[in-house]
Amino acid sequence: MKRGMTDPMETWAGSPEWVRTLAGSKLEPGESPLTWFEPDLNHRLFYAPGLVVLTDRRVLSFEWDPAKSPNGRHPEDASSLRVWPLHSVSSISTRDQSGIGALELFGPDGLLAWWRYTVARAPAARRMVERLESLRRGGGALAPVSTELPAITGECAVCAAPLRAGDSTCRECGASPSRPPVRSLLRLFSVARKYLFMSVLGFFLTLASTASGLIPPYLTMPLLDNVLVPYQNGQPADTHMVKWYLLGLAGASVLAWALTWAQMYVLSWVSERISADLRNLTYSHLQRLSLEYFGGKRTGDLISRVSSDTDRICYFLSVYVLDFVTDVIMLLMTAGILLSVDLRLAAVTLLPMPLIAFLVFRVQERLGHGFSLGNRAWAELTSILAETIPGIRVVKAFAQEDHEIQRFRRANDSVLSTNDRVNRVWAYFNAVVVLLTDLGVLIVWMFGVWLVFHHSVTVGVLTAFVAYISRFYARLDSMSRMASATQRAAASAQRVFGVLDRVPKVPEPADPIHPVRVEGGIEIRNLSFRYASRPILKDLNLTIRPGEMIGLVGQSGAGKTTLINLLCRFYDVTSGEILVDGTDIRRFPTGEYRRNIGLVLQEPFLFSGSVAENIAYGRPNAPREEIIAAARAARAHEFILRLPNGYDSLVGERGQFLSGGERQRVSIARALLIDPRILILDEATSSVDTETEREIQLALANLIQGRTTIAIAHRLSTLQRADRLVVMQRGEIVEVGPHAELLERGGVYARLHQAQIDMHEGRLQPAAAEEAEEDELLEEL
Amino acid sequence: MISFTLQRDSQRRLVFTAPDGRTHIDVDPVRAFPLSDPRHSISICDSLGREILYIDSLDDLDPATRASLEAELAQREFVPIILRVINTPPKTEPSTWQVETDRGITTFEVDSDDSVYRRPPRRVSIVDSRGIRYEIPDTRNLDHHSRRVLDRFL
């Protein structure tokens, strides 16, 4: 069952508690509610709560006066309750005007009632229309259920459509429910679990290396107190201990070096693997997502999610987390040592810590803000580059180089100024940290000297304290840097998981039927398709015999490409169904189904590699003979032989070394090699000259033999071979029939045909041109 | 066994004579897969590039025909195999490479690192600024210096 066509019980079960109580209080015995809709505006377009409930007998409308009961929802408070028995209702419809909708209820004598609502309520309004219409049609009998929808778990914050278990985005408007970014970061642990042993090892190495770094000041204490100070005072000192202390110092350094090395190596090893896993995971998930996802995303954004975001996470894990853990351990250990050596001195040393820590974090916050501004400025700069370099021909053709230079300069200036700002704060902050550190050391010195004078502590202890405290402050500074790094990494993690959480909108069937090799008969039944609540295709019906060639004709925007995308199952229909050999295509596993489809696009996309590799893209192990046979049939063989290295010639990135017509013929060979039962040609010849088109036409003639073919073309001459033409207009099929028959009929097709002939002969018929313009205008409205 | 004759005429044009005596002047023998499968799929095209004869395998030819065909093919294929890189090409574009190939030592220019293709598993193809292609069938066979140079471009 698809969205839009809803099962009565399921809809009503998803309704909020208050709707159920409210409607329940007004229902007659035995009456069962079907669906509900909450208009949120009154007729004057002021916000006002309302509720419309459809039952199997009546339509009930509750309204509340917003002044008296701002939240409405109590039947007693309702300012009006109106009821229409279903037999008095003749039709219902929605109307959408710039984001504000109207639901209109008609009786035999005209308008019975109407409600206004904002776009957020549109899905519910449509649901009501669909429910009522299906009631009118056949007492609520709905199309058989093919896929069960998961249970409703909440509602979309943007458009209030129901969210279902497993939905990461709203099915109506595509918005994703937000999640706090730091939680995304915690999810990294699930990826890290694989490397548990190494992670634990890394942690202990960190512990050990930090501890080994704390040994030297500890050793200087006895060196001073037992050896140097007594020696200077002319007292006997155990000089033979000197070499042990010095050896100890050296040993500690070597130990710290070895441990730090091991620790760095182990932790980088782990973090590198985590980010590599994340990259693989993200990319393979990305490949499985339906085309719809890619339609709404900028390529650059997706690339950066897979590459730089995962890299940033890796850097965060290997550098910042490591530093932070080291810092915390260091602070705790230092505090422990200080407290164990001398309580009073330790108290004086640690007392200003909270204050300094507070200051540091405050400055850090401002820095973090500065950094994020800087990132945004940087992104702006990159996007100018990403846009103008591929579009350089347009820039040059319109002589806009100076304009683009100015644009770049402005973006660069804003990078400069944000960086300046950050640097100002940073410079100031650094100086402050130095000052505070000195101040702290000074306090320790003052108090320490006083204690030494009173013989409470020894010179050695004081020296050790001073050595520890400077480490202390240095650590504090680097710890504070962690805050902004965490924010940044968390943002990256959120973006990566944003991809991973996407559930493919073209679900694999639960109990699949394996098509193996289809016959190629296609039946389209009551097909409708909406894209983000905009209706694209409306109630299409069409039967295509196996082996038949269909030409799809119509203005751009008529829905031809959408129909083809639905046939390829790049998207799923909103309602209705597409049957291939009598089976709903949603019952086939997508991969197996698509193997039966050959697709030739207007802009053929070739991958870098050799010609042979490109032809064999759909069947990488195809034998040489078949590759040649496919190329021959696509009339590509001879031009390929003229290339410097025949089939082994490289085509360059995206096939740039080949001409447009050559690329097209390679792509036809590619489609031929998989020997598809259903062939789809989307404007396959519109981007080439007439001579090349003739070549491609000949190639296509070979391709379509014995296959069900659906071809879109603007040049109607291209479709001469078509058995039938299907003329589409604004999402509907308006005419179907062979070329000659349609011409005779004198309808839309005949006009299109005449217009093209006129164009060809160099005279524009005013009537046709005007009409086309008018159509376009209507389309825009 | 397929047999035909390939001969040079007085103007050094290649003349193809089929067994039935029909001739084509100025023909062009081409390997469809000169690199991946040089012994199979060979076409003889006429002066306009139309295919006259397709030979599935060199082994299908009688020895004399094969010898003359191979000799002609050898005349038209030029894809040097790089054995080692001699200089250290700078990372600036274009960069000049001095290499030792199976056809001797040569120098060429590479426009950008986009012209150096890594092709799994270990093959590398380089297309120079004039469109000549150089091949490294297996990078493992290169010496240390050459591999380091390549690594910088891949």
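Bear in mind the structure is a predicted one, so any value in this text is a computation, not a measurement.

Parameters at a glance
- Residues numbered from 1 in each chain as written.
- Chains lettered and ligands numbered in written order.
- Predicted model: local features only at pLDDT ≥ 70, side-chain atom pairs only at ≥ 80, totals over all residues.
- Heavy atoms only, no water.
- Helix = DSSP H or I, 4+ residues; strand = E, 2+ residues; numbered from the N terminus.
- Buried < 20%, exposed > 50% of the residue type's maximum accessible area, 1.4 Å probe, protein only.
- Contact = heavy atoms within 4.5 Å.
- Areas by Shrake-Rupley, 256 points an atom, 1.4 Å probe, with all protein chains shown as cover.
- Core = buried A, V, L, I, M, F, W, Y, C linked by side-chain atoms within 4.5 Å.
- Axes fitted to C-alpha atoms, helices over the stretch in contact; angles between N-to-C directions.
- Parallel < 35°, antiparallel > 145°, perpendicular 65-115°, else oblique.
- Left-handed = near helix turned anticlockwise from the far one by under 90°.
- Nonpolar A, V, L, I, M, F, W, Y, C, P; charged D, E, K, R; others polar.
- Buried area = accessible area lost by both parts, 1.4 Å probe.
- Salt bridge = Lys/Arg side-chain N within 4 Å of Asp/Glu carboxyl O.
- Polar contact = N/O pair within 3.5 Å; in protein donor to acceptor, adjacent residues only side chain to side chain.
- Pairing = 2+ DSSP bridges.
- Phe/Tyr/Trp six-rings, centres within 6.5 Å; stacked < 30°, edge-to-face > 60°.

Novice: What is the right way to look at the overall build of chain B in this model?
Specialist: Per the secondary structure count, chain B includes two helices and twelve strands. Shown N-terminal to C-terminal, the secondary structure of chain B runs as helices and strands in the order β-β-β-β-β-β-α-β-β-β-β-β-β-α. Among the 154 residues that make up chain B, the fraction classed as buried is 42%. Look at the contacts in chain B between residues 6 or more apart in sequence, and 35% of them connect residues 24 or more apart. Of the roughly 8,300 Å² of accessible surface on chain B, 48% is carried by carbon and sulfur atoms.

Novice: How do you make sense of the nonpolar core when you look at a structure like this?
Specialist: Proteins that are soluble and globular tend to have nonpolar side chains buried together. Residue and element names in this part refer to chain A. Ile-615, Ile-640, Tyr-647, Ile-668 and Leu-681 are the most contacted members of the largest nonpolar core, which has 50 residues in total. Looking at this core, the element that brings in the most residues is helix 21 (residues 660–673), giving six residues. One finds Ile-550, Cys-568, Ile-710 and Met-728 within the second-largest nonpolar core, a separate group that totals 33 residues.

Novice: What is the right way to look at the packing of helix 6 (residues 196–213) of chain A against helix 8 (residues 242–288) of chain A in this model?
Specialist: All names here are of chain A. The interhelical angle for the contact between helix 6 and helix 8, taken along N-to-C directions, is 155°, at an axis separation of 8 Å. Accordingly, the angle class assigned to the pair helix 6 and helix 8 is roughly antiparallel. Seen from above, helix 6 lies across helix 8 with left-handed handedness. Residues Met-198, Ser-199, Leu-201, Gly-202, Leu-205, Thr-206, Ala-208, Ser-209 and Ser-212 of helix 6 touch helix 8, and the partners they reach there are Ala-252, Leu-255, Ala-256, Leu-259, Thr-260, Ala-262, Gln-263, Val-266, Leu-267, Trp-269 and Val-270. Per-class residue counts for the contact of helix 6 with helix 8 are 13 nonpolar, seven polar and no charged.

Novice: I tried to follow the interface of chain B and chain A on my own but got confused; where do I start?
Specialist: The accessible area lost on association of the parts is a frequent measure of interface size. The partner chain A presents 20 residues to the 24 residues of chain B that form the contact. Contact with chain A buries area across many residues of chain B, yet Phe-33, Tyr-117 and Arg-133 of chain B alone supply 29% of it, more than any other trio. At the surface where chain B touches chain A, the tally comes to three salt bridges. A salt bridge links Asp-56 of chain B to Arg-624 of chain A; the nearest nitrogen and oxygen atoms lie 3.8 Å apart. Linking chain B to chain A there are nine residue pairs in polar contact (both at pLDDT 80 or more). Tallying contributions element by element places strand 5 (residues 40–45) of chain B first for the side of chain B that touches chain A, with four residues. Within the side of chain B that touches chain A, the residues separate by chemical class into eleven nonpolar, six polar and seven charged.

Novice: What is the right way to look at unusual backbone geometry in this model?
Specialist: Across residues other than glycine, the phi torsion is negative in most instances, and most of the peptide bonds are trans. Residues and elements named next belong to chain A. Although it is not a glycine, Arg-635 adopts a positive phi angle of roughly 55°. Turning to its location among the elements, Arg-635 is positioned in the loop between helix 19 (624–633) and helix 20 (637–642). Given a relative accessible area of 36%, Arg-635 falls into the partly exposed group. With phi around 50°, Asp-675 is a residue other than glycine that occupies positive phi space. With respect to the helices and strands, Asp-675 occurs in the loop between helix 21 and strand 16 (678–682).

Novice: Would you explain the pairing of strand 11 (residues 123–127) of chain B in this entry?
Specialist: Looking along a regular strand, one sees the side chains alternate between the two faces of the sheet. Residues and elements named next belong to chain B. With four of five residues buried, strand 11 lies mostly within the body of the structure. Judged from the four bridges that link them, strand 10 (residues 116–119) and strand 11 form a sheet pairing that is antiparallel. Bridge assignment links Tyr-117 to a residue of strand 11, and that residue is Ser-125. Connecting strand 10 to the antiparallel partner strand 11 that follows it, the hairpin turn spans three residues.

Novice: Help me understand the sheet that holds strand 12 (residues 549–553) of chain A, please; the structure alone is not making it clear to me.
Specialist: Backbone-to-backbone hydrogen bonds pair the strands of a sheet. The strands run either parallel or antiparallel. All names here are of chain A. Strand order in the open sheet made by the six strands is 15-16-17-12-18-19, with mixed pairing throughout. Two strands in the sheet have a free side with no partner beyond their single neighbour: strand 15 (597–600) and strand 19 (732–737). Averaged over all adjacent pairs, the angle separating strand axes in this sheet is 20°, with direction ignored.

Novice: How should the environment of Val-306 of chain A be read in this particular structure?
Specialist: Residues and elements named next belong to chain A. Turning to its location among the elements, Val-306 is positioned in helix 10 (residues 299–341). For the pair Val-306 and Thr-282, spaced 24 residues apart in the sequence, the C-alpha separation amounts to 6.3 Å. Setting aside residues up to four positions removed in sequence, Val-306 forms contacts with Arg-279, Thr-282, Tyr-283 and Leu-286.

Novice: Just checking my understanding: could you explain the packing of aromatic side chains for this structure?
Specialist: In this description, a pair of aromatic rings is defined by centroid distance and the angle of the planes. Residues and elements named next belong to chain A. Overall, the coordinates contain 14 aromatic pairs over all chains when judged by the stated rule. Relative to Trp-261, the ring of Trp-257 lies with its centre 5.8 Å away and its plane at 20°, an arrangement referred to as stacked. Taken together, the residues Trp-257 and Trp-261, both in helix 8 and four residues apart, mark about one turn of the helix. Grouping residues by exposure puts Trp-257 and Trp-261 together as exposed. Considering the side-chain rings of Phe-529 and Tyr-571, the 5.7 Å spacing of their centres and the 40° angle between planes classify their relative orientation as tilted.

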